[in-house]
4 protein chains.
Amino acid sequence: MIPRYTRKEMAQIWEPQTRFRIWFEIEAYATEALAELGVVPREAAAVIWDKGKDAEFDVARIDEIEAVTKHDVIAFLTHLAEIVGPEARFVHQGMTSSDVLDTCLNVQLARAADLLIEDVDGLLAALKRRAFEHKNTVCIGRSHGIHAEPTTFGIKLAQAHAEFQRARERLVMARKEIATCAISGAVGTFANIDPRVEEYVAEKMGLTPEPVSTQVIPRDRHAMYFAALAVVASSIERLATEIRHLQRTEVLEAEEYFSPGQKGSSAMPHKRNPVLTENLTGLARLVRSAVIPALENVALWHERDISHSSVERGIGPDATIHLDFALKRLTGVIDKLLVYPENMQRNLDRLGGLVHSQRVLLALTQKGMSREDSYAAVQRNAMPVWRGEGNFLELLKKDKDVSALLTAAELESLFDLGYHTKHTDTIFRRVFGEA
Amino acid sequence: MIPRYTRKEMAQIWEPQTRFRIWFEIEAYATEALAELGVVPREAAAVIWDKGKDAEFDVARIDEIEAVTKHDVIAFLTHLAEIVGPEARFVHQGMTSSDVLDTCLNVQLARAADLLIEDVDGLLAALKRRAFEHKNTVCIGRSHGIHAEPTTFGIKLAQAHAEFQRARERLVMARKEIATCAISGAVGTFANIDPRVEEYVAEKMGLTPEPVSTQVIPRDRHAMYFAALAVVASSIERLATEIRHLQRTEVLEAEEYFSPGQKGSSAMPHKRNPVLTENLTGLARLVRSAVIPALENVALWHERDISHSSVERGIGPDATIHLDFALKRLTGVIDKLLVYPENMQRNLDRLGGLVHSQRVLLALTQKGMSREDSYAAVQRNAMPVWRGEGNFLELLKKDKDVSALLTAAELESLFDLGYHTKHTDTIFRRVFGEA
Amino acid sequence: MIPRYTRKEMAQIWEPQTRFRIWFEIEAYATEALAELGVVPREAAAVIWDKGKDAEFDVARIDEIEAVTKHDVIAFLTHLAEIVGPEARFVHQGMTSSDVLDTCLNVQLARAADLLIEDVDGLLAALKRRAFEHKNTVCIGRSHGIHAEPTTFGIKLAQAHAEFQRARERLVMARKEIATCAISGAVGTFANIDPRVEEYVAEKMGLTPEPVSTQVIPRDRHAMYFAALAVVASSIERLATEIRHLQRTEVLEAEEYFSPGQKGSSAMPHKRNPVLTENLTGLARLVRSAVIPALENVALWHERDISHSSVERGIGPDATIHLDFALKRLTGVIDKLLVYPENMQRNLDRLGGLVHSQRVLLALTQKGMSREDSYAAVQRNAMPVWRGEGNFLELLKKDKDVSALLTAAELESLFDLGYHTKHTDTIFRRVFGEA
Amino acid sequence: MIPRYTRKEMAQIWEPQTRFRIWFEIEAYATEALAELGVVPREAAAVIWDKGKDAEFDVARIDEIEAVTKHDVIAFLTHLAEIVGPEARFVHQGMTSSDVLDTCLNVQLARAADLLIEDVDGLLAALKRRAFEHKNTVCIGRSHGIHAEPTTFGIKLAQAHAEFQRARERLVMARKEIATCAISGAVGTFANIDPRVEEYVAEKMGLTPEPVSTQVIPRDRHAMYFAALAVVASSIERLATEIRHLQRTEVLEAEEYFSPGQKGSSAMPHKRNPVLTENLTGLARLVRSAVIPALENVALWHERDISHSSVERGIGPDATIHLDFALKRLTGVIDKLLVYPENMQRNLDRLGGLVHSQRVLLALTQKGMSREDSYAAVQRNAMPVWRGEGNFLELLKKDKDVSALLTAAELESLFDLGYHTKHTDTIFRRVFGEA
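Residues numbered from 1 in each chain as written. Chains lettered and ligands numbered in written order. Predicted model: local features only at pLDDT ≥ 70, side-chain atom pairs only at ≥ 80, totals over all residues.

**Describing the relation of the copies chain A and chain C**
Here comes step 1: When chain A is fitted to chain C, the residual RMSD is 0.1 Å, and the transformation amounts to a turn of 180° plus an axial shift of 0.0 Å. Expressed as an axis order, the relation between the two copies is that of a two-fold axis. The position closest to the rotation axis in chain A is occupied by the C-alpha of A:Ser289, lying 2.8 Å away.
Here comes step 2: When the interface residues of chain A are mapped onto chain C, 100% of them are again interface residues, pointing to one common binding face. (Least-squares fit on C-alpha atoms with pLDDT ≥ 70 in both. Contact = placed C-beta atoms within 7 Å.)

**A few points about the relation of the copies chain A and chain B**
Here comes step 1: Mapping chain A onto chain B calls for a screw motion: a turn of 180° about the axis and a shift of 0.0 Å along it, with 0.1 Å RMSD after fitting.
Here comes step 2: Interface residue correspondence from chain A to chain B reaches 100%, placing this contact among same-surface, isologous pairings.

**Looking at the packing of helix 2 (residues 16-36) of chain A against helix 3 (residues 42-52) of chain A**
Residue and element names in this part refer to chain A.
Here comes step 1: Two numbers describe how helix 2 lies on helix 3: the axes approach to 8 Å, and their chain directions differ by 160°. Accordingly, the angle class assigned to the pair helix 2 and helix 3 is roughly antiparallel. Crossing hand, helix 2 versus helix 3: left-handed. Counted together, Phe24, Ala28, Thr31, Glu32 and Ala35 of helix 2 and Arg42, Ala44, Ala45, Ile48, Trp49 and Gly52 of helix 3 form the full contact between these two elements.
Here comes step 2: For the contact of helix 2 with helix 3, the class distribution of residues is seven nonpolar, two polar and two charged. (Axes fitted to C-alpha atoms, helices over the stretch in contact; angles between N-to-C directions. Helix = DSSP H or I, 4+ residues; strand = E, 2+ residues; numbered from the N terminus. Parallel < 35°, antiparallel > 145°, perpendicular 65-115°, else oblique. Left-handed = near helix turned anticlockwise from the far one by under 90°. Nonpolar A, V, L, I, M, F, W, Y, C, P; charged D, E, K, R; others polar.)

**What about the interface of chain A and chain B?**
Here comes step 1: The interface of chain A with chain B comprises 69 residues on the first partner and 70 residues on the second.
Here comes step 2: Listed by contribution, the elements that provide at least two residues to the side of chain A that touches chain B are strand 1 (138-143), strand 2 (146-152), helix 7 (153-178), helix 9 (220-247), helix 11 (291-296), helix 14 (357-366), helix 19 (418-421) and helix 20 (424-432) of chain A.
Here comes step 3: In terms of residue count, the dominant contributor to the side of chain A that touches chain B is helix 9 of chain A (13 residues).

**Some remarks on the domain arrangement of chain A**
Here comes step 1: In terms of domain boundaries, chain A breaks down into domain 1 (1-93), domain 2 (96-258 + 269-351 + 418-435) and domain 3 (354-414).
Here comes step 2: Measuring from the centre of the C-alpha atoms in domain 1 of chain A to the corresponding centre in domain 3 of chain A gives 76 Å. (Domains from an automatic or database assignment.)

**Concerning the environment of D:Phe24**
All names here are of chain D.
Here comes step 1: Note that Phe24 resides in helix 2 (residues 16-36).
Here comes step 2: Phe24 gets classed as buried once you count the C-beta atoms within 10 Å, which come to 23.
Here comes step 3: Sequence separation of Phe24 and Lys53 is 29 residues, and the distance between their C-alpha atoms is 8.2 Å.
Here comes step 4: Leave out the neighbours within four places in its chain, and Phe24 touches Gly52 and Leu80. (Buried ≥ 20, exposed ≤ 12 C-beta atoms within 10 Å, placed from the backbone.)

**A few points about the interface of chain A and chain C**
Here comes step 1: At the junction of the two partners, chain A supplies 41 residues and chain C supplies 41 residues.
Here comes step 2: Counting only elements with at least two residues in the side of chain A that touches chain C, the list comes to helix 4 (59-69), helix 5 (72-84), helix 10 (275-288), helix 11 and helix 12 (307-336) of chain A.
Here comes step 3: Element by element, the count of residues in the side of chain A that touches chain C is highest for helix 10 of chain A, at eight residues.

**What to know about unusual backbone geometry**
Here comes step 1: One non-glycine residue, B:Gln215, lies in the positive phi region at around 75°.
Here comes step 2: Its location among the elements puts B:Gln215 in the loop between strand 4 (208-209) and helix 9 (220-247).
Here comes step 3: Residues other than glycine seldom take positive phi values, yet D:Phe190 does so here, at roughly 60°.
Here comes step 4: Mapped onto the secondary structure, D:Phe190 falls in the loop between strand 3 (180-181) and helix 8 (195-205).

**Topic: the UniProt feature "domain: Adenylosuccinate lyase C-terminal" (unreviewed entry) in chain A**
Here comes step 1: On the UniProt side, "domain: Adenylosuccinate lyase C-terminal" (unreviewed entry) is annotated at positions that read residues 352-432 of chain A here.
Here comes step 2: Helix makes up 72% of residues 352-432 of chain A and strand 0%. Its end C-alpha atoms lie 34 Å apart. (UniProt positions renumbered as here; feature names shortened; annotations may be inferred.)

**Points about helix 14 of chain A**
Residue and element names in this part refer to chain A.
Here comes step 1: Among the 10 residues in helix 14, nine count as buried, and that is most of the element.
Here comes step 2: For helix 14, every residue scored as buried is listed here: Ser357, Gln358, Arg359, Val360, Leu361, Leu362, Ala363, Leu364 and Thr365.
Here comes step 3: Among the structural elements, strand 2, helix 15 (371-386), helix 16 (392-398), helix 17 (400-405) and helix 19 are those in contact with the buried residues of helix 14.
Here comes step 4: In the stretch just after helix 14, Gly368 is the one whose phi turns positive, near 110°.

Structure (structure tokens):
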């Protein structure tokens, strides 16, 4: 957890107070269910709720007890007994620590997923607004960093929108993967606790019962969760990289908003750097770094070992906090992105019409020239233009083989931007359901 | 691709001949659609199908052409022209190489997913059969490698079954992620090709059209695909690790089948090693190693760069081939696993009844002793037994505080294995829908 | 940074106050050098040292300034000006923020490496002490988890000692990799600052000048640093895994120290779990997770981009803090490890003499039997023993082919533990230089 | 192993024939040493050398035997016996398979390292030649993709040279890490084989004896080896990324050589794409992907398990072959790189003098203006120029606060490129020892 990349909303999910609150709820609901089943007195369950429901847990006191017992749940239960009194002996009946710990972790991860989904919704809204704003803002499309053919800035954003729709689905999937509950005892056999307790607690906590837990909830679920987060982070990196490229001095088609008072460099007062998107690139690396340890957590020994625990104390908060921050930051970048259509047009014109090379190639083949000959004819006229020597259209007009098949007027008609943007509505309808 | 870890069925998907065949189909279907739209002559489309449908593509010839053009799709199209004749000029009209390459890769990945799903189905069948066979074979459950409480070997396998049901769902999800088609031209604007061509090819190839492709199909899909494979591999590692543990000399509750003529060691003729499951552990590492490069492939520059390509030439075949092999190998291991119920019972008895410690603890709290006092009472009688000094039940009977609350008969009744297995049916019903 | 896995000594290196102190020293030394070169007044340099050398930097105030400038070094310099007064304008002359940031990071990483080397020295001492203590404590060696041939517990620890000697060398190498200094200006050309300033600051800070920095110190150095830490973490995992195995209920040859008052399980009072070494296994995963982001940080754009920064704010403290904690914890585990020679002997005897199978094989070949026939003869007598049926020595004596070549007395002489331990001194001399 | 990214020289190291040849040499040298020690007849050792030294091993036959024995070394020994005759029974005396396998792997990895070092030497030569060629070719330095201050193209290449000098050192270190030999028997105790055999074989094979092997050579060495390769790969990615950026249409300061007949795109005949450096970016990802599995291989169980083996069958050849190919490819790219000094100058001029902003800032502080005021004054004149409105020098001249301290002539003198390149010789001397 790096304070500067932490939003309070996500951090709160991971605070000790929140964790103890969730532990209490799990224990209290379980005791309630046990009371229903006649295992513990109904009055005890009521007392536990009454005394605990508004209690502020004393984190320092719990730490103090843990220093002796070297066991966090026992430390909490001991502290809870101090709050609840003698009825506390009915708490945790037939349960094992992991029943509490694992169910709690999943509650936290599910809440984190909810926040992340909300973040993506905000990003999708920003992307949609800007995509429609620039639906017809023509710019050059680039493959390999080299001018290819025209597209529109709106299509670029529509692509991002489609990608973050998938990000949303992946987060929904990830949430579903980990929203399970286990109250199954020491090795998951329900020896000391009725399966109906698990069902009751699951329902109350908004989870589903884990079909087979073995003291722990199986970690393939968590691996999938963190993998989904890593994919979302990589999509953030992709969009961030796009903006970093567009802000390059030589390109300057778009720019991160630069606030009054901001300084780009301690040494060079002229600088306006894409630092937010570079930061997002770094944060994506951090979020991704959770995947391998999460995968390594899957193969626990027998019914469980505790090697996953230290890993999750790290990646649980870190990956969700960083991704939350990154999604919000990216939303801000998109929302306030400075877009320069004139520069887009200027760049588009830079290659002297070469972006129309494919269309000329196709026209030649339509006129009966072989694909290979057409390619050679277009390429030999393109190369001088690439080197800054001459105008593509003029060179084509002068080419004997080309002009034998295409008139000057026909050639000119091939140099038309509208040709490239005619399906923008189709693409928008695919992405937004409207155009 | 490591020959010894390669099954022919999966390898074939990645052979050049298969790839060229899929390329041909994409091109031929696209030409067919173009003919429908009146862009190319219907007869040309027919000739292309006719000449190409049974053609054996000459891989060496294509390599030879690529050595000059340094472009694989152009090399293929040149070779195709040698097969098809002059009508070949109508092939690839308005398309870009990636339309072919990316759609083909997704066809291959989808087919690979189909095979993997089939593999998992086989594994699930084996797990189910053995789970029911050993539904009531009692064995010790272990947390931290230490005896905890009894469970059954069937429950262990039921857990694995539940985990591989999730693996199956993940593979179905992964398949859906990548089963898309792009025929959208140089930067995805459909400038030179009608979107209906994409729809037609997609349908014919069993794919859905990619909402927005930008020459390439976005790589977040592939990242998700390989992440799903990595999670499945980690589940394999978990089950493999379980078997390795069970085969340890001191444990020997189960053993990989050892074939006649097999030698466990060149030096030590007495050895029977769990080499298959150790091998699976290693293969899991290999499959997982595809995730990070797949994630790094997402942030391509602008509409595309080709850095993903070399990565996918590696991880595409490798991850699917290794996972396929691993799933099949694991299925064989489970199918033929030697299970030793007597050893399970012997191990279970080893801790002198300590596995019943929790039940005694709960009984004491039920009789009114505080949780903390109960814990201390049980622990002080357990520790000598742990060291091999004395019998747990006898020590408890002699303990003044314990015997004040529990009679000898009551204590004896707490040492009952059936207590631990009474919910086996519940667990089986959850996993298999039957018990 | 996870508080429970954090030692104060390492955490302090990463505290804001330490960072600002190092920044100040770099700036003050640089100003000193600039004064030497006549670029700034000598008195100014003196004033800066005087006012700054004992100053407590106001972290909250710096954060406040950064909230406006969005630039941390500018915020610091502004605050420094508040402390130093008008002479502050001579600070940072011709320098760029990264001169300060990167040199500071390397100072921190070098100090962290020093602490880690010290940790390893402590671990080596513990390993050596316990290795000599158990130099002749015979135990079974295991390959594939299966009994192979006898070894000694001292040899096991000698192996670990040799491995952590390598860990030490790797940390020394890692320290050398990153102990460089850059004061080279905006793109590393020394346009605004004389290279002699860099040399001066480097010497004062205990670093060497970076041959070519380009605003930033190249990140291949940091990648190598974190990779070295990851290898050390993996060696920790190896030794931790060994102990976890030895503590398994069925093996119980060694055990983590269990302190009075400690509770192994909230549910099962009999449990003594290897939780420290399981924790070390998890921490190893966390430390390793720094490698990939560190590698991804290498390919910064042109002379620099800032994507590495957020990554390093995470992995810098996290990887060093976790590794420091893990090394200390492992040292404690080794120091206090409970070793059970009787259990080692009992396990050794478990295979009924099968551990001598190789020696019988070799004796048969020495007597003229082919390797293949010898292998078969030994294997057919070993398999019943493996299944618990019969005694290996007796079966061999009764085997016609074996007894034709080896007398009963000869066979008996092959069943001798001393045969296996005769080179222990050689191994100890290799590792410790003494035996 | 991907054929198109494979050079024969490296592939040969990993061929079965090479492996069997190394196995033979290890066995033959060991037998020689055993003969010296009187364990086997001298004549037998001589016969083994004689019959084996020029033998072509029959790979198919070995595979056939392995299909039965399921053990590769036993299969090889059986085949060797077919070649050598009855003396073959003296081969492998007291050895275990891993003595052969692990020593062989290290021979292969050491040879691979030699080739990689040779590759780096070639790359260093190319970098040096081009660096001196362009020592004074001025171009803009960029931070964050934004113009910062001038540098030279030679300095860029000098930086790369310094980085690949480090790469070379890392490969030397990696080679040293793995160039060890183990002939220590089943669990490394030398029970059945004298340590002098190991010393003898080590010397003959150009290795050093592993201080403590435990059937296997410890895998921390291999982890370090693959980590070093990964760092080298990341340095390749950095230089490749630089070239990709420089070839962007809007930048075009350098370009990969484009051979006659080459086609950049199947659809767009005008394209010249940086496909080689994009390919290198992808290959870097592949090489890096070996690090995590290599790290996961370290924690083998007890004296050894075989999980590392499948991993190494993959990453051993793959990482070395891909890195070898990538180094050679990068060398070719650098050797033939097209450099466009005019475009560099044109880009440099693009920001209207803003690249001198820092120098103006420093001049103002030298004249007594506070750093903060100077920054503000320069920034307010820079921002319009950034937007393309006005000339920086002219605006500064007109600024009241600036002109109060700096005359027009003084301002003009600050706009001098030579100011930025005056230390180029210093940098070259640091890197090349000459300038």
